[in-house]
Amino acid sequence: MSYIIFNVVSVVIIIILILLKLFNLIKHYLALYFSLPEKKKTKVKFLITAVIVILLGYSLYRIYTEINIKPYRYWYQFVDKNPKPWNVSFEEFSRRNREGYCWADKKTYTKEELKEKAIVSYIKMELLKMKSLREGWIREAGGGYEERSYLSRFFFKSNCGKFQCKVLMISPLSINRSSVFEKAQKLMQESVQKNTEINQEASFNLYDKNRDYLLSELHKVNSIEIKDNHDFLSHIKNHNDLIVAGIEKSNKNLFLMFSAYSLIISSQDKGINQGKFSSTMDEYFPDLSIPKNIDIHNYGVGLYYFSPKKINLHEKYEQEDPQKYGKKILFRNLDNNIYYPINNCGDLLVKPVYFLESR
C-alpha cells in the first residue's frame, strides 16, 4: 500500500513540475510575441492558427478512432486475415464463408488442419499477452487482465521478473525426464477420456536451494522458449504432440496447454447449438469486441471454435522439511470450457471468448 501511495505522490509531483514549466514557457513566448513588429505578429498568428487546426483535426481523428475503431480493433484485425476478394460479391462471399471456405488460402480445411493452424494462432495470442505483461501495458486483475493507465506503465512495478512472462514449448519425448510433467500429462489424458475435472495434489522432491522449483523442472525437460517470430513454426511441425507452457508472474505457477487434447468443434456438430454459447469479456480487451448489427457468420466466423485443453501446476506450500518430504504440487483444469471463435482459415479471435453452457 505504501508503495502505491509513494508512486501516486511521485506522479502528482511530476505533473505539477511539468505544469510549472509549461506556465513559464507560455509567459516567455507571450512576452516575446508582444515585442515583435506588426508584420511578424501576423505571421505568428497564421502559424498558431495552422497549429491549432492541425491539433484540432488530430484530436477529432483520435476521438473517432476511440469510438469507432479501437473498441473493435481485434475484430477488424481478425477479419483482415480472411478478406473478401474485390471481384466477389458480398452474397457469394457470405455463402462460401458459411460453407467453411478460406478465401485467404483458397481452400476448405479439415478440422485437423484447422486445429494445427489454431494452435499457431493461440501461441501468437499468448506471445502478445506475455509481451504486454513484460512491457507493463496490462496487469493481472482478479483472474483476468486490465489495461493500465499511461502513467502507471512507467511508475508501477511490473509482475514480470527475469524468468517470467515467457511462452515455452515442451516435447512429450522429454516428459518422462520429469515426474511432475509426466503426472500432468497423465492427468490431462484421463481428464479428456473421462470428461472430468482435474483437481489433485501430489508430493515431489523439488527441493534445490540453488534453483527455483517448478522452473528447475522446465530446465530438466529442455523446454524451448518461443519468441515473437516465426521460428517456432518449425518446432511445432516437428512436434505434433507439443505442450505449451506459459509463465506469467511466479515460478511457483505454470500453465500448460496440451495440443494433443485440444480440439476444434463445429456449431453444426451433433449436440452443439450456437445458442448454447455465451460470451465473456475482461477489461484488457474492450467490451464491444464485435461491431453491432452484423452477422458474424457472413464473415466465416462462428462455424468453428477452438478449445485449448489447459492445466495449471501450482506449488501449493512448503512443508516443514522440504528436503526430506518434498513439495506439494496442485494440478487443476484451467479454462477447460473456454472456446475461441476461429475463422475458416484457423485464425483465432482473441475476444470475445465463449463458454459452452451445455452439450
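What you are looking at is a predicted structure, and each value in this text was computed from that prediction instead of being measured.

Attention now goes to the state of the cysteines. Covalent bonding between the sulfur atoms of two cysteines is what defines a disulfide. According to the stated counting rule, one finds one disulfide in the structure shown. Each disulfide pairs two cysteine sulfurs, and for Cys102 the partner residue is Cys345, the sulfurs being separated by 2.0 Å. Handedness here is read from the sign of the S-S torsion; for Cys102 and Cys345, about 105 degrees, the answer is right-handed. Of the two residues, Cys102 sits in strand E1 (residues 101-102) while Cys345 sits in the loop between strand E13 (338-343) and strand E14 (353-356), which places them 243 residues apart along the sequence.

Side chains of a nonpolar character, in soluble globular proteins, are inclined to be buried together. In terms of nonpolar packing, the biggest core is built from 35 residues, with Ile123, Phe306 and Ile342 touching the most fellow members. Taken together, the elements giving at least two residues each to this core come down to helix H5 (111-134), strand E5 (166-170), helix H9 (232-238), strand E9 (253-266), strand E11 (301-318) and E13. Among the elements that line this core, the one with the most residues is H5, at ten residues. Residues contacting Ile342, with those up to four places away along its chain left out, are Phe78, Leu114, Ala118, Ile264, Gly300, Val301, Gly302, Tyr304, Tyr305, Phe306, Asp347 and Leu348.

Before going further, it helps to examine helix H8 (residues 213-220). Helical geometry: 3.6 residues make up each α-helical turn, so side chains three or four residues apart lie on a common side. Counting buried positions along H8 gives six out of eight residues, so the element sits mostly inside the fold. Three or more residues of H8 are buried, namely Tyr213, Leu214, Leu215, Ser216, Glu217 and Leu218. Just beyond H8, the residue with positive phi is Asn222, at close to 55 degrees.

This next bit is on helix H4 (residues 90-98). The set of residues buried in H4 consists of Phe93, Ser94 and Asn97. Buried residues of H4, viewed axially, fall in a sector of 95 degrees; they line one side. Taken from the residues just after H4, Gly100 is the one with a positive phi, measuring 100 degrees.

Let's shift gears to the pattern of salt bridges. According to the stated counting rule, one finds nine salt bridges in the structure shown. The partner of Arg98 in a salt bridge is Asp295, with the nearest N and O atoms 3.0 Å apart. Placement of Arg98 in helix H4 and of Asp295 in the loop between strand E10 (277-280) and E11 is noted, with a sequence separation of 197 residues between them. The exposure class of Asp295 is partly exposed, given its relative accessible area of 31%. Between Lys107 and Glu113 there is a salt bridge, with the nearest N and O atoms lying 3.7 Å from each other. Each member of the salt-bridge network shares a partner with another, and the members are Arg95, Arg96 and Glu99.

In this section: a nonpolar patch on the surface. Together, Ile14, Ile15, Ile18, Leu19, Leu22, Leu25 and Ile26 line one region of the surface with nonpolar side chains, adding up to about 610 Å² of accessible area. Along the chain, the position of Ile15 falls in helix H1 (residues 2-34).

This brings us to unusual backbone geometry. Phi is positive for Asn195, close to 55 degrees, though the residue is something other than glycine. In this fold, Asn195 is placed in the loop between helix H7 (179-194) and strand E6 (199-204). Phi angles above zero are rare outside glycine, and Asn222 is one such case at about 55 degrees. Tracing the backbone shows Asn222 in the loop between H8 and strand E7 (224-226). With a relative accessible area of 49%, Asn222 lands in the partly exposed category.

Within a regular beta strand, the side chains point alternately toward one face of the sheet and then the other, so they alternate between its two faces. With five of five residues buried, strand E8 (residues 243-247) is to be regarded as a mostly interior element. A two-sided burial pattern is seen for E8, the buried positions comprising Ile243, Ala245 and Ile247 on one face and Val244 and Gly246 on the other. Bridge analysis of E5 against E8 gives five bridges, and the strand direction is antiparallel. Counted as the bridge partner of Ile170 is Ile243 from E8. One ladder, built from four bridges, connects E8 with E9; its direction is antiparallel. Looking at the pairing, Ala245 lines up with Leu256 of E9. Between E8 and E9, which follow one another and run antiparallel, lie five residues.

What counts, and at which threshold
- Residues numbered from 1 in each chain as written.
- Predicted model: local features only at pLDDT ≥ 70, side-chain atom pairs only at ≥ 80, totals over all residues.
- Heavy atoms only, no water.
- Disulfide = S-S within 2.5 Å.
- Helix = DSSP H or I, 4+ residues; strand = E, 2+ residues; numbered from the N terminus.
- Core = buried A, V, L, I, M, F, W, Y, C linked by side-chain atoms within 4.5 Å.
- Buried < 20%, exposed > 50% of the residue type's maximum accessible area, 1.4 Å probe, protein only.
- Contact = heavy atoms within 4.5 Å.
- Arc of directions from axis to C-beta.
- Salt bridge = Lys/Arg side-chain N within 4 Å of Asp/Glu carboxyl O.
- Patch = residues over 30% accessible without salt bridge, like charges linked within 9 Å, V, L, I, M, F, W, Y side chains within 5 Å.
- Areas by Shrake-Rupley, 256 points an atom, 1.4 Å probe, with all protein chains shown as cover.
- Pairing = 2+ DSSP bridges.

What is shown is where atoms sit, not what they do.
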